[in-house]
Every structure is written in C-alpha cells, then in structure tokens.
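# Structural characterization, general
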Amino acid sequence: MRNKLKVVTIGGGSSYTPELLEGFIKRYDELPITELWLVDVEAGKEKQDIIFNLCQRMVERAGVPIVMHKTLDRREALADADFVTTQLRVGQLKARELDERIPLSHGYLGQETNGAGGLFKGLRTIPVIFDIIRDVEEICPDAWVINFTNPAGMVTEAVFRHTKFKKFIGVCNIPVGMKMFIQDVLKLTPQEELSIDLFGLNHMVFIKDVLVNGESRFAELLDGVASGTLTAGSVKNIFDLPFSEGLIRSLNLLPCSYLLYYFKQKEMLAIEMGEFYKGGARATVVQKVEKQLFDLYKNPDLNVKPKELELRGGAYYSDAACEVISAIYNDKQTEQYVNFPHNGHIDNIPADWAVEMTCTIGRDGAKPHPRITHFDEKVLGLIYTIKGFEIAASEAALSGEFNDVLLAMNLSPLIHSDKDAEILAREMLLAHEKLLPNFAETIATLK
C-alpha cells in the first residue's frame, strides 16, 4: 500500500463536490486518500472558497486524515496526482442558459447534452478537457482521469479519437439512477446480488436484462414498467413522463429517461416551450437550486452533505466516480456502467467507438462485460445517428470551422431544418464568443 493517495478535482467549486467528499469519507477504509485538491478558475473562486470551507468541516467531523487544498493553479495541483476528476462547466450556468434559450427561441429543444445546446457545450468543453489531459501527460502521466463533465459521451469520444491518452473513463449518473430504481421496485436487500446488462451511448442507454442472484427478473420488471404499476419515488425522474406501453413492449428493452427527447420529442418540446414562454428554462431552475445550496453551504454549522443536493439533476455522479476510483485503486473487478472504448468487443458497431455499457473495473481500467457482445438491432439506427453527431461535434471542437459546426448541427435528429441549423450555429457562436477561442477566426467572419 502506498503512503500517499492524492486526488485532484478540477471544478472543485461545483455544488457536487460535497457529495464527492462524502463518497471518499465513507470509503476511507478502502480508499485512504491523504490529499484532496480542489481546483477552479478565477470566476469560480467564491464558490470554491465556500465549498472548501464546508469540506474542511466535513473532514473534521468524520475524523479522517484527508488534507484539503484549494488552488486556481491547475498545474500546481496536478503534481504527483493519482486520480484527477473533472466536473467543470465552461461558462458556468449562464452559458447553459444560452444553450437552452437560444434553441427554444427558434422552436427547438434546448438541452445541455442533446441537440444544439449539447453541441455547443461540447464545443466549449472538449478543448478544455484536452488542455487538462496535456497537463496530466506532462505532470502526472500515471494518473487516471475520471470525467463527469457533460456531454460525457461526446467528451469521451473526442479523447479516444483525437488523443493518445488511455487512462480516461467517463462517468454518468443515469445508470446509477436506473440501478437505484431497479433495487427499489424489486425490493432488493443489500445482500442480494444485482447485475444489469446495460448498453448504448451516454444519455442513450437501454437495459436488456436484470439478474438477481444470477436469475433474470427482467420480464417482471419490463411488465411492471410497461403497465405503469411500478414506480419508484427515489428516482422518479427516470420515468417522469412515462414511455408508452406499446414502445416498451415492442422494444423489449428499458430505455433511460433521456430517450424521452427522441421517443417523445413532440411532448418534450411542448413542455419546454411552455416553460420558455413563461420566462423559464431548466438552467434558471438550476441556478435557483444552486443559490439555495450555496446559502446552505455557507452555514458554519453545516458539516455534512445536505439532502437538498439531490434536487440537482446530476445527483449521484460523484458517488459513481468514487466507486470507479476505488475499483481501480483496489483492483476490485466490480460491475460499473461507464463510457469507454469497447475496442471491438461489440460485434455490430465500429471497433473505435466509445460506448456506455456494463463493464468490470479494476487496476487496468474498464473492460466490457462478457455477457454483452452485441447491441440490439432494434435501436442500432438511433445509436448510429447519435454517434455520428458525437464524432462530428468532436471534429468541430478541434477544427474551429463553421462548416464542421453545421455538419454536426444537421446530423442531430433534434434539428429538422438545414436553414435553421445555420441560424442556430451563427447565433450560438456569437453568443458564446468569449468561451470559444478555437473559433476566433470563424466568429470574426460572422460579425
């Protein structure tokens, strides 16, 4: 066992950081972290200071010897790091609000990981992730990077397609929520062994089997979800707007909640447009929740993660990241659901794709689960479409070319007009100008 275990969290001022620390504290016996560094940028310094003080109180209450550090100098923090977690938002929530409101103003879904909004979040984020990877390669080349920055699938695809860095795993909370849903509705005890066959892309995953103590209970689960008799309050957002019984039974798969944007596009757009015309968007709700959270975090008597954090849509991201880190550190070979390259394991998709699926994680990272070697043909067309969008988006993020943005925009199944794609691309490039240095020349020609 090493005498030092250093974790660096980039985006340390995030409201999710207390959950990350809580995960490390409760796993301290198996994951004896000696140093946790919180890194942020100047614009996030105030939040970073609040989070750092709360984390200090949490560590003191828990009585664990984790030494906390904070800095705005990423390179200083990375020296001798063992694990680097990334939970950043380029442009903070104001940029997300533009990602949502601009598409909605033209009658299109506004969402931070799908469609036009997801594309522009990727365009801002991928170059920053690449800068981080370059620093890691130089300063702490043996460190693992565990990413839960969205759009996680697009980011993971870009890293493995355009860099040589291999110690990178993308984490998402959606599979965690689906697992919690299954545990809840099947009334499983902690002693029962649950294994889930999950496959697809980030925010586009399907469950095709559920094994409890080695026996499939998928038919029971599918029937309950299809008929509407199964509900689970702890993660009800997963099936907040129910899929039709016909869809569930014809697919014979359980889709994740984000597939509402494709299977219920009309309904989801109507809901979002209604909120937009009332002056709202998801980003405005999140900003209110964030303000409430940080008001709580400032309380000098608070020394635990508050339950209110669960109101944030990404709750459990951080806990999932802790599980991945522990599995690597301890070579646990445990079942997880992450984004990584399948390297030809799946026989009916290109070998170089990054996917999200059930895997086993140990010292060497993620390996595809041996039960899943084939993606269900019924949903393969949709998966190919979104992967084409992800690949085009990663190319555009690096090239800074307007035509590459247009290609990605037009490949999204949420954009229905080539003319509108051009309007959206121009307007969003100009709106995010300060956050898109790769596009400086392109933006100059649009003015």
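Look up a bit, the structure's there.
Bear in mind that the values here come from a model prediction, so they are computed numbers and not experimental data.

### With respect to the pairing of strand β2 (residues 35-39)
Each regular strand displays side chains that alternate between the two surfaces of the sheet. Among the five residues of β2, five are classified as buried, and the element is accordingly described as predominantly covered. Neither face of β2 is left uncovered, since the one carrying E35, W37 and V39 and the one carrying L36 and L38 both have all their residues buried. With five bridges connecting them, strand β1 (residues 6-10) and β2 associate as parallel partners. Of the residues in β2, the one forming a bridge with V8 is W37. This β-α-β element, β1 to helix α1 (residues 17-26) to β2, shows right-handed connectivity. Looking at chain direction, β2 and strand β3 (residues 67-71) are connected through five bridges and run parallel. Among the inter-strand pairings, W37 is bridged to a residue of β3, identified as H69. A crossover links β2 with its parallel partner β3, the connecting element being helix α2 (residues 45-62), and its sense is right-handed.

### Some remarks on the packing of aromatic side chains
Tallied over the entire structure, the rule returns eight aromatic pairs. Pairing F160 with F168 gives two aromatic rings, centres 6.2 Å apart and planes at 80°, and the pair type is edge-to-face. Exposure class is identical for F160 and F168. Each is buried. Residues Y258 and Y261 carry aromatic rings whose centres are separated by 6.0 Å and whose planes lie at 35° to one another, so their mutual orientation is tilted. For the residue pair Y258 and Y261, the accessibility class agrees, reading buried in each case.

### Considering the side chain of R96
Mapping R96 onto the fold places it in helix α4 (residues 92-105). Engagement of the side chain of R96 in a polar contact is seen with the side chain of E100, the distance being 2.9 Å.

### Here's the deal with the sheet that holds strand β13 (residues 365-368)
Taken in spatial order, the nine strands line up as β3-β2-β1-β4-β5-β6-β11-β12-β13 in an open sheet, and their pairing is mixed. Whereas interior strands pair on both sides, the edge strands pair on one side only; in this sheet they are β3 and β13. Looking at each pair of strands side by side, their axes are set apart by 35° on average, direction ignored. The pairing of β1 with strand β4 (residues 83-86) spans four bridges and is parallel. Bridge pairing links V7 to F83 in β4. Docked against the sheet, helix α5 (residues 115-139) engages β1, β4, β5 (144-147) and β6 (168-171), running at close to 170° with respect to β4.

Scoring rules and cut-offs
Residues numbered from 1 in each chain as written. Predicted model: local features only at pLDDT ≥ 70, side-chain atom pairs only at ≥ 80, totals over all residues. Heavy atoms only, no water. Buried < 20%, exposed > 50% of the residue type's maximum accessible area, 1.4 Å probe, protein only. Helix = DSSP H or I, 4+ residues; strand = E, 2+ residues; numbered from the N terminus. Pairing = 2+ DSSP bridges. Right-handed = clockwise from strand over helix to strand, strands pointing away. Phe/Tyr/Trp six-rings, centres within 6.5 Å; stacked < 30°, edge-to-face > 60°. Polar contact = N/O pair within 3.5 Å; in protein donor to acceptor, adjacent residues only side chain to side chain. Axes fitted to C-alpha atoms, helices over the stretch in contact; angles between N-to-C directions. Contact = heavy atoms within 4.5 Å.

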